[in-house]
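A look at the structure
Listed here are the chains, written in short residue letters.
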Amino acid sequence: MSQTTSRSRRSGIRRGEAASGWLFTAPVILLLGVFLVVPVLMALWVSFSDWGGRGSPFSSGVHFVGFENYQAILSGGGLAEQDFGMSLKNNAWYVALVVPIQTAVALGLAVLVNRAILRGRGFFRTAFYFPSVTSSVAITVLWLFLFSTTGAVNKVLSWVGINGPNWFNDPDGIVHNFLGLFGVKQGPSALTQNTLLGVSWWDWLGGPSVAMSAFVIMAVFTTSGTFMLLFIAALQNLGGDITEAAMMDGANGWQRFWRITLPQLRPTLFTVLTLGLIGCWQVFDAIYTGTRGAPGKTTLTPAYLSYKSSFVDQDWGQGAAIAFILFVIIVVFTIFQRWVLRERTVSKRRMRLYQPAVTAASQPAQSADSSADSRGVRR
């Protein structure tokens, strides 16, 4: 009888805790539902409809059109497909350059300012982080001034005999420019005649335009400081026992960093890469403030194209479709990144290499135990 009573009391307490939990989280759930879930579902419906932007998207005048909006930007063969292909190509090169560079720079800065022998570490942390808290609009306007034809960047380049480009007005790809130094002006027919999303393979492989390269530099400059703080927090939580053991074994600084420090930063590295990947695929404010896709649509991105299709061209269905395709791209890259950085078990081949060391380390312990047992028997 007592056991039944205690069980009913515990179940009652648990029900009370569950009710309290739901009560405290209800405001947040309500806010997320009203301002996040409902708009996302509405946008999903718009991507499958012919809504013109006026009135309710659920009115009787709005019709279901299936995958027409998606087909227009993926295989329509018109300007919508070419614009989406160009935006995807521009953003892909942007991600491929910004994410690894900003991660490497952030990690390098974190290791630098985390060193105990560095004086004024607080000043350097603030200086490196300061661009991250500055308005992106202000940074973009500053960048337009610095990278203009007569700007400070070209002035500095002229001091070393380099004639700087007209940065934000040059639509040529940097890979094409590099090949042009060797006299390669036109690609093979296999690359120029075959297309993907309305863009030739020769243009896909041409690299980011000179204008987009300026945005790449700006992204690295403004985001490395934020990710530096994440790496600093992770470095300060690492124990020094393993590093000291490696130093006793004769490992140099690079070996200690590559074999000991970096593997312990795997969770932080995944966070930094994921945040960088999402931020790079969603780049919008710099493009909107700076070039709006110019020159020659070589700075066009899917996020800005979604805005332009919806609010400028009043094609809300295609704008919503671009947004959801971008969402799928981000999810796929995040899952792939998670798979690459997953914890891997040691293979049997490598375990065989470690087995002699494990056996040698276990033998002294076994001999010590046996000697202790023998001393106990003698007593």
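Look a little higher up for the structure.
The text that follows walks through the structure, step by step, so that each part is easy to find.

What counts as what
- Residues numbered from 1 in each chain as written.
- Predicted model: local features only at pLDDT ≥ 70, side-chain atom pairs only at ≥ 80, totals over all residues.
- Heavy atoms only, no water.
- Helix = DSSP H or I, 4+ residues; strand = E, 2+ residues; numbered from the N terminus.
- Buried < 20%, exposed > 50% of the residue type's maximum accessible area, 1.4 Å probe, protein only.
- Contact = heavy atoms within 4.5 Å.
- Phe/Tyr/Trp six-rings, centres within 6.5 Å; stacked < 30°, edge-to-face > 60°.
- Expected span 1.5 Å × (residues − 1).
- Bend = angle between axes of the 7 residues up to and from the residue.
- 1 Å grid on protein atoms, 1.4 Å probe; cavity = no way out; pocket = protein on both sides within 12 Å on 5 of 7 lines; lining within 4 Å.
- Points joined across faces, edges and corners; volume = space filled by probe spheres on them.
- Nonpolar A, V, L, I, M, F, W, Y, C, P; charged D, E, K, R; others polar.
- Polar contact = N/O pair within 3.5 Å; in protein donor to acceptor, adjacent residues only side chain to side chain.
- Salt bridge = Lys/Arg side-chain N within 4 Å of Asp/Glu carboxyl O.
- Patch = residues over 30% accessible without salt bridge, like charges linked within 9 Å, V, L, I, M, F, W, Y side chains within 5 Å.
- Areas by Shrake-Rupley, 256 points an atom, 1.4 Å probe, with all protein chains shown as cover.
- Axes fitted to C-alpha atoms, helices over the stretch in contact; angles between N-to-C directions.
- Parallel < 35°, antiparallel > 145°, perpendicular 65-115°, else oblique.
- Left-handed = near helix turned anticlockwise from the far one by under 90°.

A separate point is the overall build of the protein chain. Of regular secondary structure, the protein chain possesses 17 helices and two strands. Counting over 379 residues, the protein chain shows a buried share of 33%. Sequence-distant contacts, at least 24 apart, represent 67% of the contacts inside the protein chain between residues at least 6 apart.

Evaluated as defined, the whole model comprises 26 aromatic pairs. Ring centres 5.5 Å apart and planes at 70° place the aromatic pair Phe123 and Phe124 in the edge-to-face group. Note on Phe123: relative accessible area 59%, which makes it exposed. Taking 4.9 Å as the distance between ring centres and 70° as the angle between the ring planes, the aromatic pair formed by Phe311 and Trp316 counts as edge-to-face. The class for Trp316 is buried, based on a relative accessible area of 16%.

This part takes up helix 10 (residues 210-236). An ideal rise of 1.5 Å per residue puts 39 Å on 27 residues; helix 10 measures up with 39 Å between its terminal C-alpha atoms. Taken as a whole, helix 10 carries its principal kink of about 35° at Ser224. Within helix 10, 19 of the 27 residues are buried, which leaves the element mostly enclosed by the surrounding structure.

A separate point is the layout of surface pockets. The calculated volume of the largest pocket comes to roughly 620 Å³. Lining the largest pocket are 21 residues, and of these Ala43, Ser306, Ala320, Ala323 and Phe324 lie nearest its centre. Secondary-structure elements contributing two or more residues to the lining of the largest pocket are helix 1 (2-47), helix 15 (302-312) and helix 16 (316-340). In terms of residues, the lining of the largest pocket owes the most to one element, helix 16, which gives nine residues. Class assignment of the residues belonging to the lining of the largest pocket gives a composition of 17 nonpolar, four polar and no charged.

For the peptide bond that leads from Ala294 to Pro295, omega is -5°, which places it in the cis range. Tracing the chain through its elements places Pro295 in the loop between helix 14 (285-289) and helix 15. In this model, Lys297 sits at a positive phi of 60°, which is unusual for a non-glycine residue. Among the secondary structure elements, Lys297 is positioned in the loop between helix 14 and helix 15.

Relative to the elements of secondary structure, Ser87 occurs in helix 3 (residues 79-113). Here the side chain of Ser87 touches Phe84 through a polar contact of 2.7 Å, landing on its backbone oxygen. Residue contacts for Ser87: discarding those within four places in its chain leaves Leu300, Thr301, Pro302 and Leu305.

It is worth spelling out the pattern of salt bridges at this point. Counted under the stated rule, the structure contains two salt bridges. Between Asp83 and Lys297 there is a salt bridge; the shortest N-O distance is 2.7 Å. Taken together, the residues Asp83 in helix 3 and Lys297 in the loop between helix 14 and helix 15 connect sequence positions 214 residues apart.

With respect to the helices and strands, Arg54 occurs in the loop between helix 1 and helix 2 (68-74). For Arg54, a relative accessible area of 79% corresponds to the exposed category. Each C-alpha atom of the pair Arg54 and Gln314 lies 9.9 Å from the other, and the pair is 260 residues apart in sequence.

We now examine a nonpolar patch on the surface. Among the surface-exposed residues, Val28, Leu32, Leu36, Val37, Val40, Leu41 and Leu44 lie close enough to one another that they form a single nonpolar patch of about 580 Å² accessible area. For Val37, the location among the structural elements is in helix 1.

Over its 12 residues, helix 12 (residues 253-264) runs 16 Å from end to end, which matches the ideal 16 Å to within 8%, given 1.5 Å per residue. Of all the positions in helix 12, only Ile260, Thr261 and Leu262 are classed as buried. On its buried face, helix 12 sits against helix 3, helix 10, helix 11 (241-248) and helix 13 (266-281).

Take the packing of helix 3 against helix 13 next. At a minimum axis separation of 9 Å, helix 3 and helix 13 run at an interaxial angle of 150°. With respect to helix 13, the axis of helix 3 lies roughly antiparallel. Between helix 3 and helix 13 lies a crossing whose hand is right-handed. Contact with helix 3, carried on its side by Leu88, Asn91, Ala92, Tyr94, Val95, Val98, Val99, Gln102 and Thr103, involves Leu269, Val272, Leu273, Gly276, Leu277, Cys280 and Trp281 of helix 13 and no other residues of that element. For the contact of helix 3 with helix 13, the class distribution of residues is 12 nonpolar, four polar and no charged.

The next subject is the environment of Leu88. Within the secondary structure layout, Leu88 lies in helix 3. On the accessibility criterion, Leu88 (15% relative accessible area) is buried. Put simply, Leu88 and Leu300 are 212 residues apart on the chain and 8.3 Å apart in space, counted from C-alpha to C-alpha. When near neighbours in sequence (up to four residues on either side) are disregarded, Leu88 contacts Leu197, Trp204, Trp281, Pro302 and Ile329.

Functional significance is not addressed by these values, which are geometric in nature.
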